[in-house]
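The chain contents come next:
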Amino acid sequence: MPRHPRKPRQLVADGRAYLWTLRHRHSAPDGGRSADCRETLTLYPQPVGTGDPLRIVFTDGPGRYVPGGFPLGSGDVGYVRGGSLNLHEPGAVRALLDAALAGGWQPGEQGAVEVDGWSLLEAAAAARAAATGPAGS
């Protein structure tokens, strides 16, 4: 049975559990093409009550892509000439979590924290590439 796309997934990193979700949002002005696309990856420290969520947000803009599907896959984000990640892959989520932790985010913080995902992408993509080896092997 396939996983329900809206059901949170679990990630365990350094002995701490997180639930995570990925959401895509965009507007379609006048019923036309999608505009203002954004992917929001949200990590919820577990157990509940031990910290508030971390939201990593990727918005479209010059030189970067945040597609909502065809011809690129859902969850893909990246620079036109640079690093990219598929936010549906647990390894990519772990790499972004590690980059956020290295940048100073503390899982026990009170109050939701929103981070610009582009500030984490290059470090996370490099860590992901190192973890998967040449050509994603």
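Above this text sits the structure in question.
Presented here is an overview of the structure given in this document.

## Focus on the nonpolar core
Then step 1. Residues Leu41, Leu43, Ile56, Phe58, Leu85 and Leu96 are the most contacted members of the largest nonpolar core, which totals 29 residues.
Then step 2. Among the elements that make up this core, the one with the highest residue count is helix H1 (residues 90-102) (seven residues).

## With respect to the environment of Ala126
Then step 1. Among the structural elements, Ala126 can be located in helix H2 (residues 118-132).
Then step 2. Separated by 41 residues in the primary sequence, Ala126 and Leu85 have C-alpha atoms spaced 9.9 Å apart.

## Some points on the sheet that holds strand S6 (residues 76-79)
Then step 1. Taking strand neighbours across the sheet as the criterion, the three strands line up as S5-S6-S7 in an open arrangement whose pairing is antiparallel. Edge positions in the open sheet fall to strand S5 (64-65) and strand S7 (84-86), since each of these has one partner strand only.
Then step 2. As paired elements, S5 and S6 share two bridges and run antiparallel to each other. Pairing of Arg64 across the sheet is with Tyr79, part of S6.
Then step 3. The strands touched by H2 are S5, S6 and S7; relative to S6, the strand with the most contacts, the crossing angle is about 100°.

## With respect to the environment of Arg23
Then step 1. As for its placement among the helices and strands, Arg23 is situated in strand S2 (residues 16-27).
Then step 2. Judged by relative accessible area, which is 28%, Arg23 ranks as partly exposed.
Then step 3. Expressed as a C-alpha distance, the spacing of Arg23 and Arg38, which sit 15 residues apart in the sequence, is 8.2 Å.

Rules and cut-offs
- Residues numbered from 1 in each chain as written.
- Predicted model: local features only at pLDDT ≥ 70, side-chain atom pairs only at ≥ 80, totals over all residues.
- Heavy atoms only, no water.
- Core = buried A, V, L, I, M, F, W, Y, C linked by side-chain atoms within 4.5 Å.
- Buried < 20%, exposed > 50% of the residue type's maximum accessible area, 1.4 Å probe, protein only.
- Helix = DSSP H or I, 4+ residues; strand = E, 2+ residues; numbered from the N terminus.
- Pairing = 2+ DSSP bridges.
- Contact = heavy atoms within 4.5 Å.
- Axes fitted to C-alpha atoms, helices over the stretch in contact; angles between N-to-C directions.

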